[in-house]
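Chain by chain, the residues:
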Amino acid sequence: MSQHLPNDLWYRIYSKQWSSAEESLRRDAGQASSIGFVNGVTKANQRYLYNGRNYNDGECPLSTALRMKAPESLILALLKANASAMSAEDKDGLLLIHLAINGGYLGELICSLIKQLGELSLLHDDDFFPHFSADLEAKLISFFSTKGNKQILSKKNRSGSLLLHVVIFRGYSVELTRVIVLGYKSALGEANSKGFLPLHSALCSK
């Protein structure tokens, strides 16, 4: 490719050819991962040139699209193609949920990202969940206050922690803690693999 970007999907995103990018995903869905459409991260210590501008390494198409403020339909299509990208940090150490909130996205996309963030946190240890952010907390409160979104609250991650343990330890507020407790009241009495109750997590976070 003459523009020195890692693959066609990045090219279409950087040039804001949103419909063309979605069509690429639909057309090449079967081999998207193998050609780097979805999983690809640009090579370390390298910059790519497009229209005279340098773009940093360390991004996947999802984070690139969020930074470029792509339409929600394209973001959802990328997320559907590879949900595991939810756990990947970009070159600045930000998760997709941070990029989405910073970009002003709302509605279905934020709900999908929060749901997958919660589900993926069950596969990771306590350090996976992002630190406190007022914007993220507001979205979490809204999300877990909605019926049908509380099944995540009773599941444990690899550290044996519930989401209640994790959000307390990561510095989230009493308001979010209250919503989670109301969604799964037994959480207050459940210990993680270290034998710590959520109260212990509160003490450790101070």
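A few points on the structure. (Residues numbered from 1 in each chain as written. Predicted model: local features only at pLDDT ≥ 70, side-chain atom pairs only at ≥ 80, totals over all residues. Heavy atoms only, no water.)

1. Re the overall build of the chain
A count of helices and strands for the chain gives ten helices and two strands. Secondary structure elements of the chain, listed N to C terminal, follow the sequence α-α-β-β-α-α-α-α-α-α-α-α. Evaluated residue by residue, the chain yields a buried proportion of 46% over its 206 residues. Look at the contacts in the chain between residues 6 or more apart in sequence, and 63% of them connect residues 24 or more apart. Carbon and sulfur atoms make up 50% of the accessible area of the chain, which totals about 10,400 Å². (Helix = DSSP H or I, 4+ residues; strand = E, 2+ residues; numbered from the N terminus. Buried < 20%, exposed > 50% of the residue type's maximum accessible area, 1.4 Å probe, protein only. Contact = heavy atoms within 4.5 Å. Areas by Shrake-Rupley, 256 points an atom, 1.4 Å probe, with all protein chains shown as cover.)

2. Observations concerning the pattern of salt bridges
Under the definition given, this model contains one salt bridge. Between lysine 156 and glutamate 190 there is a salt bridge whose closest N-O contact spans 3.6 Å. Of the two residues, lysine 156 sits in the loop between helix H7 (134–144) and helix H8 (163–169) while glutamate 190 sits in the loop between helix H9 (174–183) and helix H10 (198–204), which places them 34 residues apart along the sequence. What makes lysine 156 partly exposed here is its relative accessible area of 36%. (Salt bridge = Lys/Arg side-chain N within 4 Å of Asp/Glu carboxyl O.)

3. With respect to the environment of alanine 202
Assignment of secondary structure puts alanine 202 in helix H10. A relative accessible area of 22% means that alanine 202 is categorised as partly exposed. Each C-alpha atom, one on alanine 202 and one on valine 167, is 9.3 Å from the other, the two residues being 35 residues apart in sequence.

4. Focus: H7
Listed in full, the buried residues belonging to H7 are Leu136, Glu137, Leu140, Phe143 and Phe144. Down the axis, H7 shows its buried residues gathered within 125 degrees of arc, on one side only. (Arc of directions from axis to C-beta.)

5. Section: the packing of helix H2 (residues 18–27) against helix H4 (residues 72–81)
Where H2 meets H4, the axes come as close as 10 Å, and the angle between the chain directions of the two elements is 20 degrees. Here H2 is positioned roughly parallel relative to H4, judged by the angle of their axes. Seen along the crossing, H2 lies across H4 with a hand that is left-handed. Residues Trp18, Ala21, Glu22 and Leu25 of H2 form the contact with H4, whose participating residues are Ser73, Leu74, Ala77, Leu78 and Ala81. For the contact of H2 with H4, the residue count by class is seven nonpolar, one polar and one charged. (Axes fitted to C-alpha atoms, helices over the stretch in contact; angles between N-to-C directions. Parallel < 35°, antiparallel > 145°, perpendicular 65-115°, else oblique. Left-handed = near helix turned anticlockwise from the far one by under 90°. Nonpolar A, V, L, I, M, F, W, Y, C, P; charged D, E, K, R; others polar.)

6. What to know about the packing of aromatic side chains
Taken as a whole, this structure holds one aromatic pair when the rule is applied. Relative to phenylalanine 144, the ring of phenylalanine 143 has its centre 5.1 Å away and its plane inclined at 80 degrees; by these criteria the two rings are edge-to-face. Side by side, phenylalanine 143 and phenylalanine 144 carry an identical accessibility label, which is buried. (Phe/Tyr/Trp six-rings, centres within 6.5 Å; stacked < 30°, edge-to-face > 60°.)

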